[in-house]
Amino acid sequence: MKRADFVAIAKWIAPNSQVLDLGCGDGSFLEFLQKQKPVHSYGVEIDDARVLSCAQKGLNVIQQNLEGGLALFENESFDMVVLSQTLQTIHQTEKILREVVRVGKESVVSFPNFGHWSHRLAVGMGHMPVSKSLPYQWYNTPNVRVLTVADFERLASTLGLKIVDRCILHEGREVTLLPNLFGSLALFRVRRA
Amino acid sequence: MSELHLSRNTIHFAEPLPLQSGAMLSGYDLVIETYGKLNADKSNAVLICHALNASHHVAGPAPEDPEDIGWWDNMIGPGKPVDTDHFFVIGVNNLGSCFGSTGPMSIHAETGKPYGANFPVVTVEDWVNTQARLADKLGIRKFAAVMGGSLGGMQAMAWSIQFPKRLDHCVVIASTPKLSAQNIAFNEVARNAILSDPDFHGGNYYEHGVVPKRGLRLARMVGHITYLSDDDMAEKFGRELQRPNGESNDYRFSFDVEFEVESYLRHQGDKFSTYFDANTYLLITRALDYFDPSRRYEGSLNRALADVQAKFLVVSFSTDWRFPPNRSREMVESLLSNKSEVSYAEIDAPHGHDAFLLDDPRYHNLIRAYFRKMREALK
């Protein structure tokens, strides 16, 4: 099964790039990417079981907590830094975004869009949303920050991030009409302004 | 059930060995043990480098004493993380050690007496040179992996620098790119214990028919403290008093063993002083102190590791305060800076430095996965 967000992110990555995938999980994206094009990559992951999955896939993986920043990585040492559906799990949002654009010449940041109409409706009905993109109950979610497409754009501008491109998805399709209302997964391609 | 295929050999090297110190060692022996079978193209060899007090006897029961199980038996063997059904594993006793390879206890051919204090100071780099000669003898052009924990990890690292083309993978566990002042300080206390033992006789105690046991015992005791974490010690001993059954738990107000931890340290020290050589202890702790590949590059580890071709697996343990995770991260940082292939795992384990020798499913599963992937590449 091809994940639409993987396809979209991979499109933004040139062959032979140096790629850093922050919060790489079980390494699915890097494995997918390596099948698409030749790249040199590292994943960063904190969870033991996921680090093991990456090792089983033969990926370079660095076990580290992203909350502490990216001290292991030098300025602009990667062509592309990927923060895929991880931003919402990190407390130090501003710090990690500054670090991401410090280390990457370019970066992709993706996150579930809290602004999707179904989420708005759920809150309107008095409950926290549970959906495909936000599949957890409020009491067991790993997400510590919820944000919308509009929120991210505002913060990006505050932090001096230049949005090079964006791709807002729902159910695997790109949404162009009112993306903050109809998109459930947001992908931004950013760099330091 | 598959077999370990343990084989032990003493290999003689006649060609003199130039040492880092400038000294020259004439012929020498190395004792090795091998497990598993070398494949036809000799591409499945894994070299295991030992730390301070270990030896060539890495896995399985020793040929002469089935009770004596190899020091890394939980890691290496048939079906183990480093699987000897697929890899040909070599354990080598380092030069200067006291388990059969040429060292201070060996008889110097010219004098007919033990080397004693005259055994030259050897370094990690010297060991790696002897190990490369061993590989030549065995016809191994390139190791699938060189692997070690602690001081063994330093040798693996040195391999990747000295012979970048001769290893595919470098597995460095609970190690450091150089000792800290605190590490050296602990070594110095240990050495001083030996040097100040009246039975040391300037290193030539063999001819006096004595062993500086008190010094060795103290050296081991202080070393042992650094291998365990505070939590581990608290868990194992706490403030328990050493009291045989039924005896009162009151203090005895004496300097005999009162606490369990004292009894444990004394036991470790006593045991060690019966089988380990004091001169070897001095040599090996000095090799630890001297190791610093960045030294030749104005302190730049990035530059020291610039020519590395091996893929690295670096593992540290959260409660290891001897070589804490930060020391491993330094290495990882340099490898990343050079865009070398590297994976790094930080195992959250309670057992301090010793964790690298202990069973831990996260740790062992990771090594297993890494070597399994390595195996796929062999075919």
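Because the structure is predicted, anything quoted here is derived from the model rather than measured.

Enquirer: How do you make sense of the interface of chain B and chain A when you look at a structure like this?
Expert: The parts lose accessible area when they come together, and the size of an interface is often stated as this lost area. The partner chain A presents 21 residues to the 20 residues of chain B that form the contact. Across the interface of chain B and chain A, roughly 1700 Å² is buried in total on both sides, 57% from carbon and sulfur atoms. Where chain B packs against chain A, one counts one salt bridge. With a closest N to O distance of 3.6 Å, Arg362(B) and Asp48(A) form a salt bridge. One can count eleven residue pairs in polar contact (both at pLDDT 80 or more) joining chain B with chain A. Contributing elements (two or more residues each) for the side of chain B that touches chain A: α9 (325–337), β12 (342–347) and α10 (361–378) of chain B. When residues in the side of chain B that touches chain A are grouped by element, the largest group, six residues, is from α9(B). Considered class by class, the residues forming the side of chain B that touches chain A number eight nonpolar, five polar and seven charged.

Enquirer: Explanation requested: the packing of aromatic side chains in the structure shown.
Expert: Geometry of an aromatic ring pair is reported as the spacing of the ring centres plus the angle between the planes. All names here are of chain B. Taken as a whole, this structure holds 31 aromatic pairs over all chains when the rule is applied. Judged by centre distance (6.0 Å) and plane angle (85 degrees), the ring pair of Trp72 and Phe356 falls under edge-to-face. Of this pair, Trp72 sits in the loop between β5 (45–49) and β6 (76–77) while Phe356 is found in the loop between β12 and α10, placing the two residues 284 residues apart along the sequence. Given the relative accessible area of 4%, Phe356 is considered buried. Seen from their ring centres, Phe143 and Trp159 are 5.4 Å apart, and the 90 degrees between their planes marks the pair as edge-to-face. Placement of Phe143 in strand β9 (residues 143–149) and of Trp159 in helix α2 (residues 151–162) is noted, with a sequence separation of 16 residues between them.

Enquirer: Could you clarify how one ought to interpret the pairing of strand β1 (residues 18–22) of chain A in this entry?
Expert: Successive residues of a regular strand alternate their side chains across the two faces of the sheet. All names here are of chain A. Of all five residues in β1, five are buried; the element is thus mostly enclosed. With burial as the criterion, each face of β1 is covered, one bearing Gln18, Leu20 and Leu22 and the other bearing Val19 and Asp21. Pairing geometry for β1 and strand β2 (residues 40–45), over five bridges, is parallel. By the bridge assignment, Leu20 is partnered in β2 with Tyr42. The handedness of the β1 to β2 crossover, carried by helix α2 (residues 28–36), is right-handed. As paired strands, β1 and strand β4 (residues 78–84) are joined by four bridges and run parallel to one another. Looking across to β4, one finds that Leu22 is bridged to Leu83.

Enquirer: Honestly, helix α6 (residues 149–159) of chain A in this entry has me stumped. Any pointers?
Expert: Along an α-helix, residues three or four apart share an orientation, since each turn contains 3.6 residues. Residue and element names in this part refer to chain A. Within the span of α6, buried status applies to Val149, Phe152, Ala156 and Leu159. Buried residues of α6, viewed axially, fall in a sector of 95 degrees; they line one side. In α6, those exposed residues whose orientation departs by more than 90 degrees from the buried face are Arg154, Ser157 and Thr158. Buried residues along α6 sit against α4 (93–103), β5 (104–112), β6 (161–170), α7 (179–182) and β8 (185–192).

Enquirer: How should the state of the cysteines be read in this particular structure?
Expert: One covalent bond between the sulfur atoms of two cysteine residues makes up a disulfide. Overall, the coordinates contain zero disulfides over all chains when judged by the stated rule. Between Cys24(A), a free cysteine, and Cys54(A), which holds the nearest cysteine sulfur, the sulfur-to-sulfur gap is 3.8 Å.

What counts, and at which threshold
Residues numbered from 1 in each chain as written. Chains lettered and ligands numbered in written order. Predicted model: local features only at pLDDT ≥ 70, side-chain atom pairs only at ≥ 80, totals over all residues. Heavy atoms only, no water. Contact = heavy atoms within 4.5 Å. Buried area = accessible area lost by both parts, 1.4 Å probe. Salt bridge = Lys/Arg side-chain N within 4 Å of Asp/Glu carboxyl O. Polar contact = N/O pair within 3.5 Å; in protein donor to acceptor, adjacent residues only side chain to side chain. Helix = DSSP H or I, 4+ residues; strand = E, 2+ residues; numbered from the N terminus. Nonpolar A, V, L, I, M, F, W, Y, C, P; charged D, E, K, R; others polar. Phe/Tyr/Trp six-rings, centres within 6.5 Å; stacked < 30°, edge-to-face > 60°. Buried < 20%, exposed > 50% of the residue type's maximum accessible area, 1.4 Å probe, protein only. Pairing = 2+ DSSP bridges. Right-handed = clockwise from strand over helix to strand, strands pointing away. Arc of directions from axis to C-beta. Disulfide = S-S within 2.5 Å.

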